[in-house]
Amino acid sequence: LAKTTQPISMDSYEGQEVNITCSHNNIATNDYITWYQQFPSQGPRFIIQGYKTKVTNEVASLFIPADRKSSTLSLPRVSLSDTAVYYCLVGDITSGAGSYQLTFGKGTKLSVIP
Amino acid sequence: EPEVTQTPSHQVTQMGQEVILRCVPISNHLYFYWYRQILGQKVEFLVSFYNNEISEKSEIFDDQFSVERPDGSNFTLKIRSTKLEDSAMYFCASRPWTSDSTDTQYFGPGTRLTVL
């Protein structure tokens, strides 16, 4: 499994754009990049997933450069409710019949300040 | 929006006792998982389940643990003889089968297990 590295914590003011970068130098050809969000005492929640270039949904954008050795989760105009831990995960989601297990790191603890 | 549900939300038990944690995955999902998170630590994979059998399990998932899908809707995790170190949040997750190579696991709210 490709190892991921992301900042332990980040602070941001309300209304600002937040970019969390994750490095995954050993990403394999079949690996996808997935980001999850976790609030205290809750289960992780899927945010976004991508393979290359840029992916955008109603919650966030995911930027993946051509070499795929890193990725950046972008949260537009954060609010206090975006305070959470954000996890970057890398894995081959196409292998096996549902055997894809999620391997979580320590994540990035984002604190949004009023 | 469909959700994964888990019961109970909090379970307190004595060391050595058996506990069963229950999950109702999202209907029509085909893959089921258990994870755990010890307070202040990472979310850890325990086991995956597909087609009524275990697909994969981690080193944590030893002989004290078992999973079952007894009636086509519930998905249970049993710990036969609990230890103090089993105290953690236990999350159930489910995933649909998709043909477009995307993968989303939907997590439940968790059961907080406290072993005394």
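The model shown is predicted, which means the values in this text are computed figures rather than measured ones.

Enquirer: Kindly report on the overall build of chain B, identifying the contributing residues and their values.
Expert: For chain B, the helix and strand inventory stands at zero helices and eleven strands. Scanning chain B from its N terminus toward the C terminus, one meets helices and strands in the order β-β-β-β-β-β-β-β-β-β-β. Over its C-alpha atoms chain B spans a radius of gyration of 14 Å, differing by no more than 12% from the 13 Å that the globule rule assigns to 116 residues. Structurally, chain B occupies a C-alpha span of about 45 × 25 × 25 Å along its principal axes. Out of the 116 residues belonging to chain B, those deemed buried represent 42%. For chain B, the share of sequence-separated contacts (at least 6 apart) that also reach a separation of at least 24 residues comes to 54%. Accessible surface, chain B as shown: approximately 6,000 Å² in total, 46% of it carbon and sulfur. Where the 10 positive side-chain charges of chain B centre and where its 15 negative ones centre are 4 Å apart.

Enquirer: How would you sum up the confidence of the model for chain B? Please name residues and give values.
Expert: Summarising the model, chain B shows a mean pLDDT of 92, and 96% of its residues fall at 70 or more. At the level of individual helices and strands, chain B shows its lowest average pLDDT in strand β6 (residues 53-57) of chain B, which scores 91, and its highest in strand β11 (residues 111-115) of chain B, which scores 98.

Enquirer: Tell me what's going on with the packing of aromatic side chains, and back it up with residues and numbers.
Expert: On inspection of all chains with the given rule, the structure shows 15 aromatic pairs over all chains. When the centroid spacing of 6.1 Å and the interplanar angle of 90° are considered together, the rings of F104(A) and Y35(B) count as edge-to-face. Taken together, the residues F104(A) in the loop between β8 (84-91) and β9 (108-113) and Y35(B) in strand β4 (residues 31-37) connect one chain to another. For F104(A), a relative accessible area of 4% gives the class buried. When its relative accessible area of 0% is taken as the criterion, Y35(B) is described as buried. Taken together, the aromatic side chains of Y36(A), F46(A), Y87(A), F104(A), Y33(B), Y35(B), F45(B) and F107(B) make up a single cluster linked through ring pairs. Above the face of the Y51(A) ring, R68(A) is positioned so that its terminal group lies 3.9 Å from the ring centre. The ring of Y31(B) carries the charged tip of R95(B) above its face, separated from the ring centre by 4.5 Å.

Enquirer: Pulling in residues and values, what's your account of the side chain of S61(A)?
Expert: Counting through the fold element by element, S61(A) comes out in strand β6 (residues 61-64). For S61(A), the contacting residues outside a window of four places in its chain are I48(A), K54(A), V55(A), T56(A), T72(A), L73(A) and S74(A).

Enquirer: Pulling in residues and values, what's your account of the state of the cysteines?
Expert: As enumerated under the stated definition, the model contains two disulfides over all chains in all. What pairs with C22(A) in a disulfide is C88(A), and their sulfur atoms sit 2.2 Å apart. Since a negative S-S torsion denotes a left-handed disulfide, the C22(A)-C88(A) link at about -80° is left-handed. Of the two residues, C22(A) sits in strand β2 (residues 18-23) while C88(A) sits in strand β8, which places them 66 residues apart along the sequence. Residue classification places C22(A) among the buried residues on the basis of a relative accessible area of 0%. Classification of C88(A) as buried rests on a relative accessible area of 1%. Covalent S-S linkage joins C23(B) and C92(B), the inter-sulfur distance amounting to 1.9 Å. The S-S bond linking C23(B) to C92(B) shows a torsion near -60°; that makes this disulfide left-handed. Linking C23(B) in strand β3 (residues 19-24) with C92(B) in strand β9 (residues 88-95), this pair joins segments that are 69 residues apart in sequence. In this structure C23(B) comes out as buried when scored by relative accessible area, which is 1%.

Enquirer: Any chance you could break down the pairing of β3(B) for me, citing the residues and the numbers?
Expert: Residues and elements named next belong to chain B. Residue alternation in β3 divides its side chains into a buried set, V19, L21 and C23, and an unburied set, I20, R22 and V24. Where strand β1 (residues 5-7) lies against β3, three bridges are found, and the strand directions are antiparallel. By the bridge assignment for β3, T5 is matched with V24. Here β3 runs beside strand β8 (residues 75-79); their pairing, made up of five bridges, is antiparallel. If you follow C23 over to β8, its bridge partner there is F75.

Criteria and cut-off values
Once a new chain begins, its residue numbering starts again from 1 and follows that chain's sequence as written. Naming scheme: in the order in which they are written, chains are lettered from A and ligands are numbered from 1. Thresholds applied to this predicted model are a pLDDT of at least 70 for local features of residues and 80 or more for the giving and counting of side-chain atom pairs; totals over whole chains, interfaces and linings are not thresholded and use all residues. For the side-chain quantities, the full set of heavy atoms in the structure was used; hydrogens and water were omitted. In DSSP terms, a helix is any run of H or I states spanning at least four residues, a strand is any run of E spanning at least two, and both are numbered starting from the N terminus. Put simply, the radius of gyration uses C-alpha atoms, and a globule should come to 2.2 Å times the residue count raised to 0.38. The buried label goes to any residue with under 20% of its type's maximum accessible area, the exposed label to any with over 50%, and the partly exposed label to all in between, with areas taken from a 1.4 Å probe on protein chains only. Should any heavy atoms of two residues lie within 4.5 Å, those residues are considered in contact. Each accessible area is a Shrake-Rupley estimate made with a 1.4 Å probe; only the visible protein chains count as cover when residues are assessed. Here Asp and Glu are counted as negative and Lys and Arg as positive; His is not counted, and neither are the chain ends. Lys charges are placed at NZ, Arg charges at CZ, Asp charges at CG and Glu charges at CD. pLDDT is defined as a per-residue confidence score from the predictor, taking values between 0 and 100. The criterion for an aromatic pair is that two Phe, Tyr or Trp rings (for Trp, the six-membered ring) have centres within 6.5 Å, with stacked assigned to planes under 30 degrees apart, edge-to-face to planes over 60 apart and tilted to the rest. Whether a charge sits over a ring depends on NZ of Lys or CZ of Arg being within 6 Å of the ring centre and within 35 degrees of the ring normal. In plain terms, two cysteine sulfur atoms within 2.5 Å form what is called a disulfide here. Any two strands with at least two DSSP-identified bridges between them are counted as paired.

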